[in-house]
Amino acid sequence: MKLGIIYAGQGSQVVGMGKSFYPHEIFDQNEDLKELCFNGPLEKLSYTPYTQPCMVMVATIITDLLKEHGIVPDYTAGLSLGEYSALYCAGVFKRQQVIDLARFRGKVMQEAVSEIESEMIAVLGMKEELLQDLCHQASSLGVVSISNYNCPGQTVISGEVKALEASVKIAKELGGRALPLKVSGPFHCSMYKDASYKFYEEVKKAEINDFKKVVYSNVKGAPYKKDDDIKELLRQQIMSPVLFEKSIRDLINKGVDTFIEVGPGKALSGFVKKIDKSVKIYNVC
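Residues numbered from 1 in each chain as written. Predicted model: local features only at pLDDT ≥ 70, side-chain atom pairs only at ≥ 80, totals over all residues. Heavy atoms only, no water.

Q: In this structure, what is going on with the pattern of salt bridges? I would like to understand it.
A: Side-chain pairing between opposite charges can occur once the charged atoms of the two side chains come close. All told, the structure shown has 11 salt bridges when counted by the stated rule. A salt bridge links aspartate 32 to arginine 103; the shortest N-O distance between them is 2.8 Å. Here the residue aspartate 32 occupies a position in helix H2 (residues 31-39), and arginine 103 occupies one in helix H6 (residues 95-113), the gap between them amounting to 71 residues. Classification of aspartate 32 as partly exposed rests on a relative accessible area of 38%. Its salt-bridge partner being glutamate 245, residue arginine 249 comes within 2.9 Å of it at the nearest N-O pair. In this pair, arginine 249 and glutamate 245 both sit in helix H11 (residues 244-253), 4 residues apart, roughly one turn of the helix. A relative accessible area of 35% places arginine 249 in the partly exposed class. Looking at glutamate 245, the relative accessible area reads 13%, which means it is buried. The network of salt bridges with shared partners includes Asp28, Glu31 and Lys34. (Salt bridge = Lys/Arg side-chain N within 4 Å of Asp/Glu carboxyl O. Helix = DSSP H or I, 4+ residues; strand = E, 2+ residues; numbered from the N terminus. Buried < 20%, exposed > 50% of the residue type's maximum accessible area, 1.4 Å probe, protein only.)

Q: Even after reading the chapter, I still don't get H2, so can you show me in this structure?
A: Listed in full, the buried residues belonging to H2 are Leu33, Lys34, Leu36, Cys37 and Phe38. In this fold, the buried residues of H2 make contact with helix H1 (25-29), helix H3 (42-45), helix H4 (48-68) and H6. Downstream of H2 by a residue or two, glycine 40 has a phi angle that is positive, lying close to 70 degrees. (Contact = heavy atoms within 4.5 Å.)

Q: Is there a simple way to think about the sheet that holds strand E6 (residues 177-180) in this case?
A: In a beta sheet, neighbouring strands are held together by backbone hydrogen bonds and run either parallel or antiparallel to one another. With antiparallel pairing, the 4 strands of this open sheet are ordered in space as E4-E5-E3-E6. Looking at the sheet topology across the chains shown, the edges are occupied by strand E4 (144-151) and E6. Averaged over neighbouring strand pairs, the angle between their axes works out to 30 degrees when direction is ignored. Two strands pair when backbone bridges link them, and strand E3 (residues 118-124) and strand E5 (residues 154-160) are joined in this way by 7 bridges, in the antiparallel orientation. Bridge assignment links alanine 122 to a residue of E5, and that residue is valine 156. Here helix H7 (residues 128-138) sits on the sheet and contacts E3, E4 and E5; the angle it forms with E4, its principal contact strand, is near 160 degrees. (Pairing = 2+ DSSP bridges. Axes fitted to C-alpha atoms, helices over the stretch in contact; angles between N-to-C directions.)

Q: What exactly am I supposed to notice about the side chain of glutamine 237 here?
A: With respect to the helices, strands and loops of the structure, glutamine 237 is situated in helix H10 (residues 230-239). The class for glutamine 237 is buried, based on a relative accessible area of 1%. Separated by 3.2 Å, the side chains of glutamine 237 and glutamate 83 make a polar contact. The contact partners of glutamine 237, leaving out residues within four places of it in the chain, are Ser80, Glu83, Tyr84, Arg105, His188, Asn218 and Val219. (Polar contact = N/O pair within 3.5 Å; in protein donor to acceptor, adjacent residues only side chain to side chain.)

What follows is the structure, encoded as structure tokens:
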């Protein structure tokens, strides 16, 4: 058996997450995040500057508990924000360090789009090439592009509302379905270019430890290599499409037959099953 641990991203947050793992010192060291995780309200928990550190904090606790019980992955990956939890799992970042990075990341990302009407929409049942063409046509109305390649039949687009509405209207006419996502920003699009450089200035200060496990980069859809500039790839990740499906296919090709999804909900489990129904997948949240 080869095990892969995959970490959920922003949008899967729920009030009460992590509460079953309390008491734990990391909660008490981040009292504001603990209060939000346990008691909400959901509207505030779903606000980017809070969601990101909350999700990462809970994921680090679960990672350590799994390790204490002898459950250690051969490979690890995450969807968007989940990549930070994967890097923690691999020993690249320390716990409080990665929580603080998530706080800063969420802050600069929210600031970048606070005055812009924007959204993320999952488009179901449409070929990627056709959706790319629709986004290109609608880009005359504003920023719009594919932000997530999740699994066969599900792609996410991000950008300004007018351009998104135009893309979705045509997609529906062509038989696609649209599902708005519960996030507070149009993640992984060019609107975050300035934010990515602000984050880069912060992450440049971070100490990077050696990889103890193989981690997949969202930008590459492939593992980090020794000579990769991790900090630059994390900068790019803020504004680049998430190649999740490519990562999962590569993991399965490498022999991973069992996955554990860490985080609320089972969105990633659903993606994995659509990619390959034969693998086993469990959820811890």
